Amino acid sequence: MPEPGAASGPPPRLDLRQRVADAAARRQASDTERVRHAVTRRDGSRCEVDGAWLVNWSSNDYLGLSQQFQVVDALQDAALRDGAGGIASHLVSGHHAAHEALERELADWLQAPRALLFGGGYLANLAVMQALLGDEDLCVQDRLNHASLIDAARLAGCRLRRYPHADAEGAMRQLRSVPAGAAMLASDGVFSMDGDVAPLRELAIAARLQRALLYVDDAHGVGVLGPEGRGSVAAARLTSTDVPLQLATLGKALGGHGAVVAGDDALVEHLLQTARPYIYTTALPPAQAAASLAAVRLARREHWRRDKLNAVVGHFKVRAAKLGLPLMPSDTPIQPLLCGDNARALAMAASLRQAGCWVVAIRPPTVAEGRARLRITLTAGHDHAQVDALVEALARAQERFPASVEAPGGAADGA
Ligand SMILES: *Cc1c(COP(=O)(O)O)cnc(C)c1O
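Residues numbered from 1 in each chain as written. Predicted model: local features only at pLDDT ≥ 70, side-chain atom pairs only at ≥ 80, totals over all residues. Heavy atoms only, no water.

J.: Please explain the domain arrangement of the protein as it appears in this structure.
T.: How big an interface is tends to be stated in terms of accessible area lost as the parts join. What the domain assignment lists for the protein is domain 1 (35-62 + 304-400) and domain 2 (69-301). Centre-to-centre separation of domain 1 and domain 2, based on C-alpha positions: 27 Å. For the pair domain 1 and domain 2, the summed buried area comes to about 1400 Å², and 58% of that belongs to carbon and sulfur atoms. The largest share of the area that domain 1 buries against domain 2 comes from Tyr62, Arg306 and Thr332, three residues that together contribute 38% of it. Here domain 1 is connected to domain 2 by 1 salt bridge. Among the ionic pairs, Arg373 bridges to Asp194, the shortest N-O distance being 3.2 Å. Across the contact surface, domain 1 and domain 2 share 9 residue pairs in polar contact (both at pLDDT 80 or more). (Domains from an automatic or database assignment. Buried area = accessible area lost by both parts, 1.4 Å probe. Salt bridge = Lys/Arg side-chain N within 4 Å of Asp/Glu carboxyl O. Polar contact = N/O pair within 3.5 Å; in protein donor to acceptor, adjacent residues only side chain to side chain.)

As structure tokens, then:
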């Protein structure tokens with residue numbers, strides 16, 4: 001019984017609406033509010049946004065496959081035959097021959113014994129860790145890994161230890177620090193906001209020495225890097241023995257939607273049997289699988305797409321260097337320009353937009369505080385003239401909004 005008159009009892013119930021209002025006010029004050037822009041038409045690298053045609057420099061359609069006619073044809077044909085939806089989960093009645101054909105093609109391409117389709121990369125990452133890791137286990141991750149890998153370790157309930165970016169020695173130390181339980185070492189193949197490539201050969205050695213399973217999230221590498229576009233694992237001359245599981249997404253270089261985990265037969269079967277983000281969700285529409293099958297075949301065969309992409313990346317880097325633009329070190333199609341504070345990144349993005357270039361300012365919490373950037377992505381659909389115009393516009397934006405002397409301490413809730 002509560003003591004009469006005393007201010008005891010349970011603490012007062014918190015007001016969720018007040019909390020939400022406070023968070024909104026903080027976003028406003030720190031220039032971290034996000035705004036969506038509805039595209040009304042897409043035409044290759046260009047799109048119509050708010051009534052203006054802009055060149056899109058913030059798309060992951062690296063090979064230009066999302067509008068390729070064979071890919072769209074495959075989607076249309078399959079939709080006419082089988083409909084628009086997935087209709088049920090894979091283990092109920094949603095599994096379709098189109099899914100199997102795509103899984104076989106992806107396994108063959110990635111030179112893995114087996115592949116399993118998921119509704120998206122985010123779900124696939126949740127699935128891998130939730131199915132394989134428990135309370136007693138350890139997941140060691142690069143500090144700059146994608147949010148879905150971090151969330152996946154949290155969902156799995158395992159111990160999560162992070163190491164300094166691209167530091168294989170650091171990974172080794174973290175693995176050694178928790179010798180008991182099973183261990184997974186997980187890294188982006190290409191870092192999604194930085195564009196650099198993980199030191200996969202060194203990570204493979206660390207994983208082998210510490211008997212940890214190496215998992216590579218190659219969302220931005222597959223289709224783009226390595227022989228036949230097989231991704232960063234193949235580019236590092238590693239096999240599915242070194243990397244028993246890897247993630248490829250279908251929504252980026254392959255221009256579709258969904259994801260696949262490829263690797264060891266027994267591990268993949270375990271995912272199918274136990275991963276909740278696989279079991280308790282509707283299968284991808286078979287039409288989407290048919291589109292991705294067409295896209296994978298093109299990505300494998302049409303080397304000219306990668307050659308063109310690499311030429312665009314090379315041209316951009318040369319031009320940007322000539323004008324002294326402070327690009328981050330990257331050889332991939334992800335070419336970020338560091339701006340520092342959020343307001344500056346937003347102002348530069350707005351200035352680029354006036355010049356017909358759509359480049360999105362990436363801010364915390366997607367990147368660290370004080371590391372806001374323009375994340376420029378180049379695609380095979382861009383041409384050199386468009387790159388020249390972009391570089392000019394970047395140089396002008398830099399002049400108009402010079403970097404501040406030094407951001408005051410990088411505080412979260414901006415001064
Ligand atoms: C985009 C991305 C994902 C998520 O994939 P979706 O298919 O978009 O859900 C996972 N990991 C990385 C590194 C990514 O860039």
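J.: What's the story with the packing of helix H4 (residues 97-110) against helix H12 (residues 286-301) in this structure? I'm lost.
T.: Two quantities define a packed helix pair, namely the angle between the helix axes and the distance between the axes. The interhelical angle for the contact between H4 and H12, taken along N-to-C directions, is 25°, at an axis separation of 8 Å. As the angle between them shows, H4 and H12 are arranged roughly parallel. Of the two elements, H4 crosses H12, and the hand of that crossing is left-handed. Across the interface between the two elements, Ala98, His99, Ala101, Leu102, Glu105, Leu106, Asp108 and Trp109 from H4 touch Pro286, Ala289, Ser292, Leu293, Val296, Arg297, Ala299 and Arg300 from H12. (Axes fitted to C-alpha atoms, helices over the stretch in contact; angles between N-to-C directions. Helix = DSSP H or I, 4+ residues; strand = E, 2+ residues; numbered from the N terminus. Parallel < 35°, antiparallel > 145°, perpendicular 65-115°, else oblique. Left-handed = near helix turned anticlockwise from the far one by under 90°. Contact = heavy atoms within 4.5 Å.)

J.: Even after reading the chapter, I still don't get the layout of surface pockets, so can you show me in this structure?
T.: The method is simple in principle: a probe with the dimensions of a water molecule rolls over the atoms, and the space it marks as empty is what remains. Approximately 430 Å³ is the volume found for the second largest pocket. In this structure, the second largest pocket is lined by 18 residues; those nearest its centre are Leu144, Asn145, Pro365, Thr366 and Val367. Looking at the lining of the second largest pocket, its residues break down into 8 nonpolar, 4 polar and 6 charged. (1 Å grid on protein atoms, 1.4 Å probe; cavity = no way out; pocket = protein on both sides within 12 Å on 5 of 7 lines; lining within 4 Å. Points joined across faces, edges and corners; volume = space filled by probe spheres on them. Nonpolar A, V, L, I, M, F, W, Y, C, P; charged D, E, K, R; others polar.)

J.: How should unusual backbone geometry be read in this particular structure?
T.: Negative phi characterises most residues that are not glycine, and trans characterises most peptide bonds. Here the residue pair Pro364 and Pro365 is connected by a cis peptide bond, since its omega of 5° sits within 30 degrees of zero. By the secondary structure assignment, Pro365 is in the loop between strand E13 (361-362) and strand E14 (372-377). Positive phi, normally seen in glycine, also occurs at Ile87, with a value near 60°. Structurally, Ile87 can be placed in the loop between helix H2 (69-82) and helix H3 (90-94). Despite not being glycine, Arg211 has its phi angle at roughly 45°, a positive value. Topologically, Arg211 is positioned in the loop between helix H8 (200-209) and strand E8 (213-217). Residue class for Arg211 comes out exposed when judged on its relative accessible area of 77%. (Buried < 20%, exposed > 50% of the residue type's maximum accessible area, 1.4 Å probe, protein only.)

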